[in-house]
Number of protein chains: 4
Amino acid sequence: MSVAASPSSPLQVRQWLNSQAPVTLESLHGRVTVLQVFQMLCPACVSHGLPQAVRIHQLFPNERVAVIGLHSVFEHHDAMGPHALRVFLEEYRIPFPVGIDQADPGSRVPLTMQAYGLRGTPSVVVFDQYGRVRLSHFGHIDDLQLGAVIGQLLAETPSHAPIGAAASAAGRRSSSPCADTGCGLDAPP
Amino acid sequence: MSVAASPSSPLQVRQWLNSQAPVTLESLHGRVTVLQVFQMLCPACVSHGLPQAVRIHQLFPNERVAVIGLHSVFEHHDAMGPHALRVFLEEYRIPFPVGIDQADPGSRVPLTMQAYGLRGTPSVVVFDQYGRVRLSHFGHIDDLQLGAVIGQLLAETPSHAPIGAAASAAGRRSSSPCADTGCGLDAPP
Amino acid sequence: MSVAASPSSPLQVRQWLNSQAPVTLESLHGRVTVLQVFQMLCPACVSHGLPQAVRIHQLFPNERVAVIGLHSVFEHHDAMGPHALRVFLEEYRIPFPVGIDQADPGSRVPLTMQAYGLRGTPSVVVFDQYGRVRLSHFGHIDDLQLGAVIGQLLAETPSHAPIGAAASAAGRRSSSPCADTGCGLDAPP
Amino acid sequence: MSVAASPSSPLQVRQWLNSQAPVTLESLHGRVTVLQVFQMLCPACVSHGLPQAVRIHQLFPNERVAVIGLHSVFEHHDAMGPHALRVFLEEYRIPFPVGIDQADPGSRVPLTMQAYGLRGTPSVVVFDQYGRVRLSHFGHIDDLQLGAVIGQLLAETPSHAPIGAAASAAGRRSSSPCADTGCGLDAPP
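A brief structural summary. (Residues numbered from 1 in each chain as written. Chains lettered and ligands numbered in written order. Predicted model: local features only at pLDDT ≥ 70, side-chain atom pairs only at ≥ 80, totals over all residues. Heavy atoms only, no water.)

## Digging into the environment of Ser159 of chain B
Mapped onto the elements, Ser159 of chain B comes out in the loop between helix H4 (143–156) and strand E8 (178–179). Through-space distance from the C-alpha of Ser159 of chain B to that of Met80 of chain B is 40 Å; in sequence the pair is 79 residues apart. (Helix = DSSP H or I, 4+ residues; strand = E, 2+ residues; numbered from the N terminus.)

As structure tokens, this is what we get:
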């Protein structure tokens, strides 16, 4: 895990799913971008990486934080082709654009994965508003830590909306003294 | 939930546990401070609020992020006195300082809880490096969101250490192609 | 953990909470009985033992499986007295009768805990329809294993109702092909 | 969900994986058998059904409880062929035999799924020692309930080994008063 800024290679993608047009890093400038790199038959991607990316997509305003996926297959290529991936994305209801990493005829590792020096899946890469890599992490990363990196980069990005706005409904009053979400002052002691 | 800065009232604490000396907001200036407000017999405090505070204490460098607790009893005061709290903190291995919110003779709600306008427990209050309240939230708050607020405030706070350093061991190489933490490139395909 | 039958000592209880009348093993004859032994400030009791007991109470028909609690305090007695316990049971919404294990003037370990040879909390003791101890287990026990013991003892107990009846609503049809609970045949492929 | 005994149709399987020889219900007589019916791209199968089957495989002695899987594809057949399934079983480390349900040229629903009247995936079917269906359940089923059915059927099945033996190591003594697994008597109060 490193947070130093470095210039980014372009995403080398054969095909985009869940998107009408190809996605480029340039088109995401001005937003913090979270790139979730996965394989559809990688258990930790399914149980950890992708659900975390979906939560980020749901919790942060999309005009400030973009989430995209990258299917970077480096093993069992014939079981994880474009059609199988399309079914997977539908069944798992993945809501954000997913690119298929471009194969390298001379290597089992696809081109974007090589260019970013990724060590496996799941990996998460976070770009700042200028498209520079600020975090690249392989394996499990805690929500608190990943949230802190996103918050740090949001603080650098000009905006008119406060970043906590998406959570405004979370603390609404409970009718009983101790509900699942907490013990409210309103009820009789 | 609000993130606007506002001047902070002092913590009105009868007694500090897990701390040799009283804790003041002034003594925490220069650090982001997370205040976890709880009652020891509040189920959501035990299952959500306190474990989240302990994770923050473990994941972020303490010289940059301070975590403190506040025991703000507003119901069943006689079952949650100082001795019971001391036993609770020991059994649950709470590692950070915990203050006992000062009782108000004229109200069941203690003084700090009143001054901060808190609506129940668990509540989390986050202060910036100048001791100003930047987040006050009652009930469940997602790790990603709370992490983002911490990251935003860390970005405003000067430091020589990168905020991701604590996660440096998380992505170490796995010996099998698909371990619990992910699928590594190193193993044969 | 042992499953051999053995004659049972009576429960030596100072006071019953959540119950209009004292509970005796004799009054439970004809039912499988699950006794959850806990301390209100024991973390694993709060996170594992008691929630498991509540699930058993909810999932099995009460006329076939009885669930009762026993508060067996062997440390920090002054922080876990009857009043504090009453508050705890209310806040945690424990729905079944809970007895307070009778103190022994000559020992910190209360009398029922001694008589049953229990080694700590949480412990679960399961009685067959004749009130004989068939399982006594200290610490974490998997739901599948505890369920199997209950099922084994139910098989020995005459009844007119099938044991799976409580689950009859669980498999109701889903309106989408792949919902959280599964992929249904009904929807279009 | 039903627990009444009924005669069982044979498993109509095109190919067995994770098994040197075909598996028949007859070959499993004398054991309680748990059949996990799934599709490899069904989210609830991956998050709930298969992990539950793996836990059963690990917790109960295999000479008393057999666990087998059945891949019953009724949608997206071309994305879940035998090769993809083989990769899936390897990546997810499924340890028990898995049969591929025989396709029906006249229906999208395969033959065994039809014969057993299953409504979708995941489904679990439990057979008694005589190979009769005693439980057939579609969707989520609680570990306690499924464990109770297994325990009930084990009680009908002659054996020399007590069913709790697999849990014998679970309650070992803890060195601290309140560890993650519970509060032990041994430590000083």
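## Observations concerning unusual backbone geometry
Of note, the amide linkage connecting Thr121 of chain C to Pro122 of chain C takes the cis form, showing an omega dihedral of -5°. Within the element layout of this structure, Pro122 of chain C appears in the loop between strand E5 (120–121) and strand E6 (123–127). The backbone of Arg93 of chain A sits at a positive phi, close to 55°, despite the residue not being glycine. Relative to the elements of secondary structure, Arg93 of chain A occurs in the loop between helix H2 (82–91) and strand E4 (98–101).

## Brief notes about the state of the cysteines
Residues and elements named next belong to chain C. Enumeration over the complete set of coordinates arrives at 4 disulfides over all chains. The disulfide bridge from Cys42 ends at Cys45, spanning 2.5 Å between sulfur atoms. Here the disulfide of Cys42 and Cys45 is right-handed, its torsion about the S-S bond being about 80°. The class for Cys42 is buried, based on a relative accessible area of 0%. (Disulfide = S-S within 2.5 Å. Buried < 20%, exposed > 50% of the residue type's maximum accessible area, 1.4 Å probe, protein only.)

## Points about the packing of aromatic side chains
Under the definition given, this model contains 12 aromatic pairs over all chains. Feature note: the residues Phe38, Phe88 and Tyr92 of chain A constitute an aromatic cluster, connected by ring pairs. (Phe/Tyr/Trp six-rings, centres within 6.5 Å; stacked < 30°, edge-to-face > 60°.)

## Some points on the pairing of strand E4 (residues 98–101) of chain C
Residues and elements named next belong to chain C. Burial of E4 is two-sided: the residues Val98 and Ile100 facing one way and the residues Gly99 and Asp101 facing the other way are all buried. Where strand E1 (residues 13–17) and E4 come together, 4 bridges link them in antiparallel fashion. Bridging from a neighbouring strand, Leu17 pairs with Val98 of E4. Across 3 bridges, the pairing between strand E3 (residues 65–71) and E4 is parallel. Opposite His71, over in E4, you have Ile100 as the bridge partner. As for the winding sense of the linkage, the β-α-β connection from E3 through helix H2 (residues 82–91) to E4 is right-handed. (Pairing = 2+ DSSP bridges. Right-handed = clockwise from strand over helix to strand, strands pointing away.)

## So, the sheet that holds strand E1 (residues 13–17) of chain A
Residues and elements named next belong to chain A. Here 6 strands make up an open sheet; going across it, the order is E1-E4-E3-E2-E6-E7 and the pairing mixed. Each end of this open sheet is capped by a strand with a single partner; those strands are E1 and strand E7 (133–138). The mean inter-strand angle of the sheet, taken between neighbouring strand axes irrespective of direction, is 20°. Bridging between strand E2 (residues 32–38) and strand E6 (residues 123–127) involves 5 bridges; their strand directions are antiparallel. The partner of Thr33 across the bridge, within E6, is Phe127. This element, helix H1 (residues 43–59), spans E2 and strand E3 (65–71) of the sheet and lies at about 160° to E2. In this fold helix H4 (residues 143–156) packs onto E2, E3, E6 and E7, with an angle of close to 15° to the strand it touches most, E6. (Axes fitted to C-alpha atoms, helices over the stretch in contact; angles between N-to-C directions. Contact = heavy atoms within 4.5 Å.)

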